[in-house]
Amino acid sequence: MIRWKFTFDKDEEQEWLNDWCRRGWAMTGFWLGKVSFVPCQPGEYIYQIDLLPGKGLWADDYESYVIFMHEMGVEVLQRWGRWVYLRKRAEDGPFEVYTDISSKLELYSRIRRMFLWVFCIVCLCSVSAWNLLVRFPEDIFSRGLAGLYIVMLSVMLRAVWQCSRKIRELKRQSE
């Protein structure tokens, strides 16, 4: 079965995957919002999503991460850039990658930096669209392209805001 899921919220996507698993569908792959599922025993797996440390799209020491997760009984199911989809059999007990506030703060800070990085790249790429719009304001292509960039920038800003909100909540918990 294939489902489409476009979200820029790690927690929302993670809960969505776990909800599908509770209904008897295990994720097998992900690519640009297309999520593949196969039947499984309801609740057979627990899913977690991680953003690995690194620069841009490249993760630091991915091979060691996979070995470590394997030793912990965790399957690295899918990698998409620095995003990693993990799962563990529910019968093996609870599964949470980040259990303390400081590591969660670090994770959400990494996610926020990544979205800010993408926001800056989209800003740079959008300069030509704004130039076209100024030169040809009645052109449908110029309007469409500018609209697309506005949507992309809005989505990235929303993702940054959500991460900032989670960081504030975690900092309040640690006080």
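K.L.:
Could you clarify how one ought to interpret the sheet that holds strand β7 (residues 75–80) in this entry?
P.N.:
The strands making up a sheet associate through backbone hydrogen bonding, with each pair oriented either parallel or antiparallel. Strand order in this open sheet of three strands is β4-β8-β7, and the pairing throughout is antiparallel. Each edge of the open sheet carries a strand with a single partner, namely β4 (45–51) and β7. Each strand of the sheet is rotated relative to its neighbour by a mean of 20°, with strand direction disregarded. Bridge analysis of β4 against strand β8 (residues 83–89) gives seven bridges, and the strand direction is antiparallel. Bridge pairing links Gln48 to Leu86 in β8. Its contacts with the sheet put helix α1 (residues 10–22) on β4 and β8, and the angle it makes with β4 is roughly 160°.

K.L.:
So what exactly am I meant to see when it comes to empty space enclosed by the protein here?
P.N.:
Gaps between atoms show up when a probe of the same size as a water molecule is rolled over them. Applying the stated criterion across every chain, the model contains one cavity of 30 Å³ or more. Each pocket or cavity is described by its volume, and for the largest cavity that value is around 50 Å³. Taken together, Phe8, Asp9, Lys10, Tyr108, Ile111, Ala159, Gln162, Cys163 and Lys166 make up the lining of the largest cavity. Listed by contribution, the elements that provide at least two residues to the lining of the largest cavity are α3 (101–135) and α4 (140–174). At four residues, α4 tops the list of elements feeding residues into the lining of the largest cavity. Looking at the lining of the largest cavity residue by residue, the classes come out as five nonpolar, one polar and three charged.

K.L.:
So what exactly am I meant to see when it comes to the layout of surface pockets here?
P.N.:
When its volume is computed, the largest pocket comes out at roughly 610 Å³. Residue lining of the largest pocket: 23 residues in total, with Phe8, Trp80, Trp83, Met114 and Phe115 positioned closest to the centre. Of all the elements in the fold, those that place two or more residues in the lining of the largest pocket are α1, β8 and α3. The dominant element in the lining of the largest pocket, judged by the number of residues it contributes, is α3, at four residues. The residue makeup of the lining of the largest pocket, split by class, is 14 nonpolar, four polar and five charged. Its boundaries defined by the atoms lining it, the second largest pocket holds a volume of some 260 Å³. Every residue lining the second largest pocket is counted, 15 residues in all, and those nearest its centre are Asp11, Glu96, Lys104, Tyr108 and Leu170. Where the lining of the second largest pocket is concerned, the elements lending two or more residues are α1, β4, α3 and α4. Broken down by class, the residue content of the lining of the second largest pocket amounts to six nonpolar, three polar and six charged.

K.L.:
I would appreciate a short explanation of the confidence of the model for the protein chain in the present structure.
P.N.:
For residues with low pLDDT, the predicted coordinates do not support detailed interpretation. In the predicted model, the protein chain carries a mean pLDDT of 90, and 100% of its residues have values of at least 70. Looking across the protein chain, the model is least confident in strand β6 (residues 58–59), with a mean pLDDT of 78, and most confident in β4, with 96.

K.L.:
Is there a simple way to think about the nonpolar core in this case?
P.N.:
Most often, soluble globular proteins keep nonpolar side chains buried together rather than apart. Residues Leu17, Met27, Tyr47, Ile111 and Phe115 are the most contacted members of the largest nonpolar core, which totals 35 residues. When residues of this core are traced back to their parent elements, those giving at least two are α1, β2 (25–31), β3 (34–39), β4, β8, α3 and α4. Sorting elements by how many residues they give to this core places α3 first, with nine residues. Beyond its immediate sequence surroundings of up to four residues, Ile111 is in contact with Lys10, Leu51, Trp83 and Cys163. With 10 residues, the next largest nonpolar core counts Ala59, Met69, Leu86 and Phe95 among its residues.

Scoring rules and cut-offs
- Residues numbered from 1 in each chain as written.
- Predicted model: local features only at pLDDT ≥ 70, side-chain atom pairs only at ≥ 80, totals over all residues.
- Heavy atoms only, no water.
- Pairing = 2+ DSSP bridges.
- Helix = DSSP H or I, 4+ residues; strand = E, 2+ residues; numbered from the N terminus.
- Axes fitted to C-alpha atoms, helices over the stretch in contact; angles between N-to-C directions.
- Contact = heavy atoms within 4.5 Å.
- 1 Å grid on protein atoms, 1.4 Å probe; cavity = no way out; pocket = protein on both sides within 12 Å on 5 of 7 lines; lining within 4 Å.
- Points joined across faces, edges and corners; volume = space filled by probe spheres on them.
- Nonpolar A, V, L, I, M, F, W, Y, C, P; charged D, E, K, R; others polar.
- pLDDT = per-residue confidence, 0-100.
- Core = buried A, V, L, I, M, F, W, Y, C linked by side-chain atoms within 4.5 Å.
- Buried < 20%, exposed > 50% of the residue type's maximum accessible area, 1.4 Å probe, protein only.

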